[in-house]
Amino acid sequence: MFTVIGRTITGFFRFMGETLILHTRVLWGIVRGRIGYRETLAQMAHVGVNSLPIVVITMLFSGMVLAYHAAIQASKLGAGSLVGWLVAETMCRELGPALSSIVISARAGSAMTAELGTMKVTEQIDALRAMAVNPVDYLVTPRYIACLVLVPILALIADVVGVMGGYLLALSTPDVNPVAYLANIPGNLDEWTVIAGILKSIAFAVIIAIVACYEGISCEMASVEVGRATTRSVVYCIMLIYAANFVLSLIVYPS
């Protein structure tokens, strides 16, 4: 029992230390201007454009479900006009940044890990080192920048789509007035709520990029390990996103 506990604790601190080192190396490469712009644009298309449909679908139905339950409870309290503000507040505070980041980690993060893991197993990363090319600058930095730029944008789109999903439900239910649904959002939704949600999504973007790339480039030299690394990448990203979401919520939304 003590061996298992000790091995788990040691593995956790090793993982955190190595991802921190990788993040430092990425930031140092950016400071020195070692950025592959063509690869960065390609990764932006991969992270942003390719992840947009699943983000839109997920948040659309999430907004509809949230509005449905909010409408039922609000109608009992005679506060049906506040459903729009409730949906917008929830989306911008939590659901938009968190859910969109989880979807991106499952869609784009897993692809990053699988791609880099395959390159590691087929010794393409070793070939880059043999050609005096830094794998971190060439492979990790473009993916890091792509996540850092596109995840907040997708989170903002998720906020809007979630609110519009609730509006679509308001059009089809007598419990919510569609006009009142939209009219109560501008006066009640604070600007800082939206900004803080975007700031949280930036932290989630760092988690997705660093964890996904770390699991890929540290994959063991076996084809079966690529699948295991991809699974670990998604699981770790989701766990860290939820943990970071809790900590950041306490910071950006003080009581």
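Refer to the structure above for everything that follows.
*Asks:* For the nonpolar core, give the residues involved together with the corresponding values.
*Replies:* Of all hydrophobic cores here, the largest spans 55 residues; its most connected members are Val47, Ile104, Cys147 and Tyr181. For this core, the secondary-structure elements that each account for two or more residues are helix H1 (2-31), helix H3 (52-77), helix H4 (83-121), helix H5 (124-130), helix H6 (135-172), helix H7 (178-188), helix H8 (191-217) and helix H9 (223-252). Ranked by the residues each element gives to this core, the list is headed by H6, at 15 residues. Not counting residues up to four positions away in its chain, the partners in contact with Cys147 are Val47, Met112, Pro152, Ala205, Ile208 and Ala209.

*Asks:* Run through H4, naming residues and quoting values.
*Replies:* One full turn of an α-helix is made of 3.6 residues, so residues set three or four places apart face in the same direction. Within H4, the axis deviates most sharply at Met91, by approximately 60 degrees. Glu123, located one to two residues past H4, shows a positive phi value of around 65 degrees.

*Asks:* So what's going on with the packing of H6 against H8? Which residues, and what values?
*Replies:* Viewed as axis vectors pointing N to C, H6 and H8 meet at an angle of 145 degrees, and their least axial separation amounts to 8 Å. You can see that H6 and H8 cross each other, and the crossing is right-handed. Here Val140, Arg143, Tyr144, Cys147, Leu148, Val151, Pro152, Ala155, Leu156 and Asp159 of H6 lie close against H8, whose contacting residues are Val194, Ile198, Ser201, Ile202, Ala205, Val206, Ile208, Ala209, Ile210, Cys213 and Ile217. Tallied by class, the residues present in the contact of H6 with H8 amount to 18 nonpolar, one polar and two charged.

*Asks:* Now, about the side chain of Gln43: what can you tell me, with residues and values included?
*Replies:* Looking at where Gln43 falls in the secondary structure, it is placed in helix H2 (residues 37-49). With residues up to four places along the chain from it excluded, the contact list for Gln43 reads Glu115, Pro142, Arg143 and Ala146.

*Asks:* Please give an account of the packing of aromatic side chains that cites residues and values.
*Replies:* Counted under the stated rule, the structure contains four aromatic pairs. Ring plane angle 75 degrees and centroid distance 5.6 Å describe the contact between Phe15 and Tyr214, whose orientation is recorded as edge-to-face. Placement of Phe15 in helix H1 and of Tyr214 in helix H8 is noted, with a sequence separation of 199 residues between them. Of the residues examined, Tyr214 reaches a relative accessible area of 12% and is grouped as buried. Each ring, one from Tyr167 and one from Tyr181, has its centre 6.1 Å from the other, and the planes form 50 degrees; the classification is tilted. Here Tyr181 lies in helix H7 and Tyr167 lies in helix H6, a separation of 14 residues in the sequence. Look at Tyr181 and you get buried, because its relative accessible area is 1%. Linked through ring pairs, Phe15, Tyr214 and Tyr236 together constitute an aromatic cluster. Residue placement shows Arg93 over the ring face of Tyr253; its charged tip is 4.4 Å from the ring centre.

*Asks:* Hey, could you go over unusual backbone geometry for me, with residue numbers and the actual values?
*Replies:* Phi is positive for Glu123, which is not a glycine, with a value near 65 degrees. With respect to the element layout, Glu123 can be found in the loop between H4 and H5. The exposure class assigned to Glu123 is partly exposed, which follows from its relative accessible area of 47%. A positive phi angle is found at Ala132, which is not glycine, with a value near 60 degrees. In this fold, Ala132 is placed in the loop between H5 and H6. Residue Ala132 is classed as exposed on the basis of its relative accessible area, which comes to 72%.

*Asks:* Quick rundown of the packing of H1 against H8? Include the residues and the values.
*Replies:* Two quantities define a packed helix pair, namely the angle between the helix axes and the distance between the axes. Orientation of H1 relative to H8, taken along the N-to-C sense of each, is 105 degrees, at an axis distance of 10 Å. One finds that H1 runs roughly perpendicular with respect to H8. Note on element contacts: H8 touches H1 through Val206, Ile210, Val211, Cys213, Tyr214, Glu215 and Ile217, opposite Phe15, Glu18, Thr19, Leu22, His23 and Val26.

*Asks:* So, the environment of Ile198: which residues are in play, and what are the values?
*Replies:* Topologically, Ile198 is positioned in helix H8. Judged by relative accessible area, which is 19%, Ile198 ranks as buried. Here the alpha-carbon distance between Ile198 and Arg7, two residues 191 residues apart in the chain, equals 36 Å. Filtering out sequence-adjacent residues up to four positions away, Ile198 remains in contact with Pro152, Ala155, Leu156 and Asp159.

*Asks:* How would you sum up the layout of surface pockets? Please name residues and give values.
*Replies:* By volume, the largest pocket is sized at about 400 Å³. As for the largest pocket, its lining consists of 16 residues, of which Gly11, Phe12, Phe15, Glu215 and Tyr236 are closest to the centre. Among the elements of the structure, H1, H8 and H9 are those that each provide at least two residues to the lining of the largest pocket. If you tally residues by element for the lining of the largest pocket, the top one is H1, at seven residues. When the residues that make up the lining of the largest pocket are grouped by side-chain class, the tally is seven nonpolar, three polar and six charged. Approximately 210 Å³ is the volume attributed to the second largest pocket. Along its surface, the second largest pocket is lined by Phe15, Met16, Thr19, Leu20, His23, Val206, Ile207, Ile210, Val211 and Leu240. Take the lining of the second largest pocket: its biggest share by element is five residues, from H1.

Thresholds applied
Residues numbered from 1 in each chain as written. Predicted model: local features only at pLDDT ≥ 70, side-chain atom pairs only at ≥ 80, totals over all residues. Heavy atoms only, no water. Core = buried A, V, L, I, M, F, W, Y, C linked by side-chain atoms within 4.5 Å. Buried < 20%, exposed > 50% of the residue type's maximum accessible area, 1.4 Å probe, protein only. Helix = DSSP H or I, 4+ residues; strand = E, 2+ residues; numbered from the N terminus. Contact = heavy atoms within 4.5 Å. Bend = angle between axes of the 7 residues up to and from the residue. Axes fitted to C-alpha atoms, helices over the stretch in contact; angles between N-to-C directions. Left-handed = near helix turned anticlockwise from the far one by under 90°. Nonpolar A, V, L, I, M, F, W, Y, C, P; charged D, E, K, R; others polar. Phe/Tyr/Trp six-rings, centres within 6.5 Å; stacked < 30°, edge-to-face > 60°. Lys NZ or Arg CZ within 6 Å of the ring centre and 35° of its normal. Parallel < 35°, antiparallel > 145°, perpendicular 65-115°, else oblique. 1 Å grid on protein atoms, 1.4 Å probe; cavity = no way out; pocket = protein on both sides within 12 Å on 5 of 7 lines; lining within 4 Å. Points joined across faces, edges and corners; volume = space filled by probe spheres on them.

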